[in-house]
Amino acid sequence: ESVRQLDLGLLSYDNYPVMLRDGEISVRDTFYENLEIVSAESRRVGWPFWAFGLVIGHYDYAPPVESDLRFEVFNALAYGAQGIQYFCYGYRDPKGFNTTISPIGKDGKRTSIWYGMKDVNAEIQGLKEVFLDCEVMETGHLGTVPKGARQLYSMPGPVSSIKCGDQGVLVSRIRNKDRNYIVIVNHEPRQRQKVKLKFKGNMTRIYSSSKKELAKSGTYRLDPGGYLVFQY
């Protein structure tokens, strides 16, 4: 209803998933469910969607680190996001906000998350051939399937099998112009895992540095919040 009434031509939303409660880091169980909803609505109305990454620690959100940011934005990109926004750049600490870190600190100097934003932005730019103006053909999850998300039942493209840890991964099949891509994103912002991939055809791995190399079947490492991108 709000989409119809506002008629903005753009969907923008936030869901900050990385929480710190009783000293434990966790991911909100609505994170992937919200991505499913906004990406489906984006396709339905024909508008692009933008997603936020959290770069200020406050309330019971974990003080953000670079892997949290990478986790948030590359999951969103794998669901088709066409813009990335950040909340928020400068230091602010209204009563009860309990700010822990922001890109520009209280002293006006850059902090570690500022440099994390810089690195993640460079990675996004390095992979714009994949994500900019792309069409997401299919998404699915392996391992632990998050609330509101879909399990991956069939392997995409020339992939014959994907085996991951219990943490699970998102698998997205993307079309951009005349090229096909497969993106695999770690479900965990603070834990690494290994993913075993088997290919039945030619695959090229693409890095954010623009490096490309022939991909071989085998075990790949997913860093915390990390991702793998392949072209076929």
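Please read all numbers here as calculations on a predicted model, not as lab measurements.

(A) Quick look at the pattern of salt bridges. Scanning the entire structure with this criterion turns up 11 salt bridges. For the salt bridge of Arg-70 with Glu-66, the shortest nitrogen-to-oxygen distance reads 2.6 Å. In this pair, Arg-70 and Glu-66 are both assigned in helix H3 (residues 66–78), four residues apart and thus about one turn of the helix distant. Note that Asp-68 and Arg-190 form a salt bridge whose closest N and O atoms lie 2.8 Å from each other. Remark: Arg-190 occurs in the loop between strand S9 (179–186) and strand S10 (193–199) and Asp-68 occurs in helix H3; sequence separation between them is 122 residues. On the basis of relative accessible area, Asp-68 is assigned to the buried category, the value being 2%. Linked by salt bridges that have partners in common, Glu-66, Arg-70 and Glu-123 make up one network.

(B) Region of interest: the sheet that holds S10. Strand order in the open sheet formed by three strands is S7-S10-S13, with antiparallel pairing between adjacent strands. At either end of the open sheet lies a strand with only one pairing partner, and these are strand S7 (159–163) and strand S13 (218–222). Adjacent strand axes in the sheet meet at a mean angle of 25° when their direction is disregarded. Pairing between S7 and S10: four bridges, direction antiparallel. Along S10, the bridge assignment pairs Ser-161 with Lys-198.

(C) Broad picture of the packing of aromatic side chains. Evaluation of the coordinates by the stated rule reveals 12 aromatic pairs. Taking 6.4 Å as the distance between ring centres and 90° as the angle between the ring planes, the aromatic pair formed by Tyr-32 and Phe-71 counts as edge-to-face. Linking Tyr-32 in helix H2 (residues 31–45) with Phe-71 in helix H3, this pair joins segments that are 39 residues apart in sequence. Judged by relative accessible area, Tyr-32 falls into the buried class, the value being 4%. One aromatic cluster in this structure is built from Tyr-16, Tyr-61 and Phe-87. It is Arg-110 that lies over the ring of Trp-114; its NZ or CZ is 4.0 Å from the centre. Here the guanidinium or amino end of Lys-211 rests over the ring plane of Tyr-207, the centre of that ring lying 5.1 Å away.

Conventions used here
Residues numbered from 1 in each chain as written. Predicted model: local features only at pLDDT ≥ 70, side-chain atom pairs only at ≥ 80, totals over all residues. Heavy atoms only, no water. Salt bridge = Lys/Arg side-chain N within 4 Å of Asp/Glu carboxyl O. Helix = DSSP H or I, 4+ residues; strand = E, 2+ residues; numbered from the N terminus. Buried < 20%, exposed > 50% of the residue type's maximum accessible area, 1.4 Å probe, protein only. Pairing = 2+ DSSP bridges. Axes fitted to C-alpha atoms, helices over the stretch in contact; angles between N-to-C directions. Phe/Tyr/Trp six-rings, centres within 6.5 Å; stacked < 30°, edge-to-face > 60°. Lys NZ or Arg CZ within 6 Å of the ring centre and 35° of its normal.

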